Amino acid sequence: PICKTRFSDHSRMSALEASVRASLVPRGALRVGINTSNYLLVPAASTSDSCGPIGVVPSLGTELARRLGVEVKFVPYASPGALADEASKEAWDVGFIGADPKRAEFISFTSPYVEIPASYVVRSGSSFKKTEDVDAAGVRIASVTGSAFDLWLQRHVQRAEIVPAQTMDAALDHVLHGRADVLAGLRDRLINDVTKVPEGIILEGQFMSVQQAVGVARNRGSEAIDFLNTFIEDVKSSGFVDTLLEKHGMTGRLLVAPPAVPPCIQAPAMKIVVLGCGAMGSIYAGLLASTGNEVWVVDVWQAHIDSIRDRGLRVEGASGDRTVQLRATTNSDDIGVGTADLVIIATKASGVASAAEVATKLLGPQGVILTIQNGLGAGDRIAQHVAPEKVLIGVASNFGASMKGPGHTQHASMNLICIGEMTGGVTERLQRVVDLWAAAGFTVKACPNINTVIWEKFICNCANSGSCTLTGMTVGEVQDNPGAWAVAVACAREAADVARAQGIPLSFDNVEEFVRKFGSTVRAAKPSMLQDHLAKRCSEIDAINGAVPVEAAKVGMSAPVNQIVADLIRARESTF
């Protein structure tokens, strides 16, 4: 059946052209495809209502038709796969469905309006502790064929077997009768289903997030999808989606998707090479690749490179949950000499010099090198191989990043990227690079005096890195422990005193207050130095706590606390 609603209010979005309306509404009414199996967006009880379906999706479809000034006809489907399959048959004009790369081959999607996390139900006695453990030989995962999370599993599961089911009830039945070991599904549905599985538990975290969007057949043209994108961004930013979630009892069960990149931020695509694809390098590469840039990553971690080649790079955390395809290699010769527009050096401090040599070979005639490291001196080391006028320096603040495994990085937060010319000032070239990062979703700004930003981040690193590494504590645990915090603050004060003695202008007076505020946003984070020690790797101690006594000596000062911390960390590393 096709449910109709008509509106007397024929208001339109401003400057709506006739060609856009003709593309979206070729038959006089807006036919909205809805997936009735998604009870979060289209409650089952609403589909039999004589006035038409109700819920978040029907309300959005109704609002879209109102703005177009046409009647709406709801075209219901029993599954998302059935809805998607009808796109090429012109059975609907717009479809509310989970965005997925496979579907995107024939459907153009807007940015998402809500996100729904997906996870697994397992028995408590199983060996699975986190979602990544499920993809193992001999494991059977029950999944609903054609759902967005099933399409994700089909692309990413390498070793486990996917047991198909037509509905969530059928998938649950597979688990209850021993035909599957794990139940995949949307977390909200799993909260119900887990009670039916003997000793069932829901694994912490999520293996992906279903991004619910509006789709239109690709042959409808770019004007149609541009209009729909504007509509989606407006209903998110205006609070309309929030209001619908509250009205239909979905607050906390569905998450309003973050805003897409503002349309005013448009940067031309670049060929970008990321040298050093650890936790932070992976975040840079993943987000920059997701906006259409040609991105290469170079790293010595073979398993990581192989995983990116085979399955894509997954970036999970404050920026969302995405898996992107990019080019990965352990050999920079694969990239081509003199072809890169931007080379990002994201290695540890000890690898900057060798990375700079590689970067100079890859850099195109108008290309630029951007180095983003913890500690001091990266720009100076790069300038030994290339003119300072070709070098930008970046500072990343409060990402709380870590690797979850090969091909998978996560970050707890996403504060700020500051980028500046090594020689100072704000240039047109610097602004182009800033726009590129902004287009990828980063909060970024051009800094005319990048040295101040470097030193302020360095002071915070001196407080957190050494103290967390020696105690094994997170940033928040150090702040809460009087003894550890006293050492952390002493390290920070020594570094701040050296900065002021060198004439570096700092934006704060109270060192302890500044460092505490910086750390409060990443209390659960383990600094990269601690992560190195947990993995029995040598750290960047010489560029962080170990650099303070060196810089202090340049102005006739000493830094005894940082010296002791650095000596203890070097002693521990001698046993690795």
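Given the structure is predicted, the values throughout are model-derived calculations rather than measurements.

Rules and cut-offs
Residues numbered from 1 in each chain as written. Predicted model: local features only at pLDDT ≥ 70, side-chain atom pairs only at ≥ 80, totals over all residues. Heavy atoms only, no water. Helix = DSSP H or I, 4+ residues; strand = E, 2+ residues; numbered from the N terminus. Buried < 20%, exposed > 50% of the residue type's maximum accessible area, 1.4 Å probe, protein only. Lys, Arg positive; Asp, Glu negative; His and termini not counted. Salt bridge = Lys/Arg side-chain N within 4 Å of Asp/Glu carboxyl O. Polar contact = N/O pair within 3.5 Å; in protein donor to acceptor, adjacent residues only side chain to side chain. Contact = heavy atoms within 4.5 Å. Pairing = 2+ DSSP bridges. Core = buried A, V, L, I, M, F, W, Y, C linked by side-chain atoms within 4.5 Å. Expected span 1.5 Å × (residues − 1).

## Focus on the side chain of E115
Tracing the backbone shows E115 in strand 6 (residues 114-123). Within the buried set, E115 has no salt-bridge partner at all; the shortest N-O distance to an opposite charge, 7.4 Å, is to R322. Engagement of the side chain of E115 in a polar contact is seen with the side chain of Q211, the distance being 3.1 Å. Other than its neighbours up to four places away in sequence, E115 contacts S209, V210, Q211, L254, L255, A257 and P258.

## A closer look at the pairing of strand 15 (residues 313-317)
Across the five residues that make up strand 15, a large majority, four, are buried. Where strand 15 lies against strand 16 (residues 320-324), five bridges are found, and the strand directions are antiparallel. Each residue of the ladder has a partner; that of V315, found in strand 16, is R322. Following strand 15, the chain reverses through two residues before pairing antiparallel with strand 16. By the bridge criterion, four bridges tie strand 15 to strand 22 (residues 408-411) in an arrangement that is parallel. Residue pairing in the sheet places R314 in a bridge with H408 of strand 22.

## Considerations on the nonpolar core
Looking at soluble globular proteins, one finds that nonpolar side chains tend to be buried together. L24, I141 and F149 are the most contacted members of the largest nonpolar core, which totals 73 residues. Of the residues forming this core, the biggest block, seven residues, is contributed by helix 7 (residues 222-237). L24 has contacts with L30, L68, D93, V94, V216, R220, A224, F227 and L228, leaving out every residue within four places of it along the chain. Counting 64 residues, the second-largest nonpolar core is a separate cluster that includes I335, C447, C460 and V475.

## Structural notes on helix 2 (residues 56-68)
When the terminal C-alpha atoms of helix 2 are compared, their 19 Å separation across 13 residues agrees well with the 18 Å that a helix rising 1.5 Å per residue should span. For helix 2, the tally of buried residues reaches 11 of 13 residues, placing the bulk of the element in the interior. Every buried residue belonging to helix 2 is among V56, V57, P58, S59, L60, G61, E63, L64, A65, R67 and L68, and all of these are buried. On its buried face, helix 2 sits against helix 1 (18-24), strand 2 (29-35), strand 3 (71-77), strand 4 (94-98), helix 7 and helix 8 (240-247). Taken from the residues just after helix 2, G69 is the one with a positive phi, measuring 75°.

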